[in-house]
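Structural characterization, general
Okay, here's what each chain looks like letter by letter:
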Amino acid sequence: KNEVVVTTTGETHVYDGKAHGATVEVTGLPKGYQVTKAKSNATATDVTPEAGVAATADELVIVNTKGKDVTKDLKITYNNGTIKITKAPVTINTPDASKVYDGTPLTAAGTIDGIVKGETVSFKTTGTITNKGTKKNSYELKWDGTAKESNYEVKDSVGTLKITEQSIVPENPNYRGVTVNKPSDKTYDGKEHKWTPTVKDGDKTLVEGTDYTVSYNKTDYTNVTGAIEVTITGIGNYSGSVVKSYQILPRKYSIKTESASKAYDGEALTAGGKVSGLVEGETVDFKVTGSQTVVGNSDNTYELNWNGTAKESNYEVTASKGTLEITEQSIVPENPDYRGVT
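Below is a summary of the structure that appears in this document. Just so we're clear, the structure is a prediction, and the values are computed from it rather than from any experiment.

Residue placement: asparagine 223 occurs in the loop between β23 (212-216) and β24 (228-234). Sequence-wise, asparagine 223 and proline 250 are 27 residues apart; in three dimensions their C-alpha atoms are separated by 8.5 Å. Apart from residues no more than four positions distant in its own chain, asparagine 223 is found in contact with Tyr188, Ile248, Lys311 and Asn314. A polar contact is formed between the side chain of asparagine 223 and the side chain of aspartate 220, at a distance of 3.0 Å.

Here it is, written out as structure tokens:
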């Protein structure tokens, strides 16, 4: 007597959103017998447990040579199977990106691949960086659409976002237009002139101590000491150094002695003078030294000593000397230069 074997086979499928069933195969039929129906009702669409879904021959009709259903009369061995659905791979990639700091956020959109056509999820790239540094190009995935999280296995490759410092040095490749204003020379006036730079990135005024530091090559910003060099160095989102210079210029002051003349009378001729242009409150030791007694002329000289509060190095002089002149005394009573000679 023949042994009839019914084998139900269910395969393993990667989730694709479709229903997958099993096939039924009948072997060992007696000669002339036919299978008019062999079907398994087992089906699986979503990811199955590890053991799978049992698949059996749920509908089976075998007829003899006369067309009579003899299924129940046959000795049948059933080999049952299983249907397995495995998770579909989903790949998320967010790219690397970098730029020089410009005050605007750096972003780079990622991609998601592997979601079955027609199914939906919410995906967006969330990575963003604005200031100098590095940050993961993160993403957000929400299973709030028609796709089921349990049907997928997610693998990701997350990139890095990087912001590098912007240089404040025009010659540097990473320069993006930062400006540093220029100092102007000052004429000595007894006051301190410590210049503070204004640094701008476009319309944005940068902040000392946050975006840059300032250092000076001198500590005297009042007196004439030569060039004052100011170094502006980028920090934080900025890099590089720029040097600006200015100086305190000497103050111009003037010395003027007066001219005078007279007819000889045996007494010395002198005239006054003055110093003009010193900073208010500063002093020098000044006196007129010119003197003429006999007939002739000479410069109305002066003597200046810097032993007061003013410093010679802070000033530049313009001098104008007068002339002292003695003319002859006339012995003629009618002459205007007559002085009483008898």
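Glancing now at the nonpolar core. Ranked by internal contacts, the top residues of the largest apolar core, which has 32 residues, are Ile168, Val199, Val230 and Ile232. Of all elements in the fold, only β17 (160-164), β19 (178-180), β23, β24, β26 (241-246) and β28 (251-257) reach the threshold of two or more residues within this core. No other element matches the three residues that β24 contributes to this core. Discounting residues that sit within four places of it in the chain, valine 199 has contacts with Val178, Thr179, Val180, Lys204, Thr205, Leu206, Tyr212 and Ile232. Counting 13 residues, the second-largest nonpolar core is a separate cluster that includes Ala44, Ile83, Ile85 and Ala147.

Our next topic: the pattern of salt bridges. All chains considered together, the criterion is met by nine salt bridges. Between lysine 142 and glutamate 140 there is a salt bridge, and its shortest N-O distance comes to 3.8 Å. A salt bridge links lysine 262 to aspartate 265; its shortest N-O distance comes to 3.0 Å. Its relative accessible area of 36% is what places aspartate 265 among the partly exposed residues. When salt bridges that share partners are traced, they join Lys124, Glu140 and Lys142 into one network.

Take the packing of aromatic side chains next. Inspection of the entire model under this criterion finds ten aromatic pairs. Aromatic side chains phenylalanine 123 and tyrosine 139 sit 5.9 Å apart centroid to centroid with 40 degrees between the ring planes, which places their arrangement in the tilted category. One end of the pair, phenylalanine 123, is in strand β13 (residues 122-125); the other, tyrosine 139, is in strand β15 (residues 139-142), with 16 residues separating them in the sequence. Taking 5.4 Å as the distance between ring centres and 70 degrees as the angle between the ring planes, the aromatic pair formed by tyrosine 216 and tyrosine 221 counts as edge-to-face. Each residue in the set Tyr188, Tyr253, Trp306 and Tyr315 is aromatic and connected to the rest through ring pairs, giving one cluster.

This paragraph deals with the sheet that holds strand β14 (residues 133-136). Taken together, three strands build an open sheet; the order of strands is β11-β17-β14 and the sheet is mixed. A single partner strand is all that each edge strand has here, and the edge strands are β11 (97-100) and β14. Taken pair by pair, the neighbouring strands of this sheet meet at an average axis angle of 10 degrees, ignoring direction. Pairing of β11 with β17, which is carried by four bridges, proceeds in the parallel orientation. Across the sheet, residue valine 100 finds its bridge partner in β17, namely threonine 164.

Judged by pairing direction, the sheet is mixed, and its four strands sit side by side in the order β5-β3-β1-β8 without closing on themselves. Both edges of this open sheet fall to β5 (43-44) and β8 (76-79), since each of them pairs with a single strand only. Alignment of strand β3 (residues 20-27) against β5, held across two bridges, turns out to be antiparallel. Each residue of the ladder has a partner; that of histidine 20, found in β5, is alanine 44.

Thresholds, definitions, all that
- Residues numbered from 1 in each chain as written.
- Predicted model: local features only at pLDDT ≥ 70, side-chain atom pairs only at ≥ 80, totals over all residues.
- Heavy atoms only, no water.
- Helix = DSSP H or I, 4+ residues; strand = E, 2+ residues; numbered from the N terminus.
- Contact = heavy atoms within 4.5 Å.
- Polar contact = N/O pair within 3.5 Å; in protein donor to acceptor, adjacent residues only side chain to side chain.
- Core = buried A, V, L, I, M, F, W, Y, C linked by side-chain atoms within 4.5 Å.
- Buried < 20%, exposed > 50% of the residue type's maximum accessible area, 1.4 Å probe, protein only.
- Salt bridge = Lys/Arg side-chain N within 4 Å of Asp/Glu carboxyl O.
- Phe/Tyr/Trp six-rings, centres within 6.5 Å; stacked < 30°, edge-to-face > 60°.
- Pairing = 2+ DSSP bridges.
- Axes fitted to C-alpha atoms, helices over the stretch in contact; angles between N-to-C directions.

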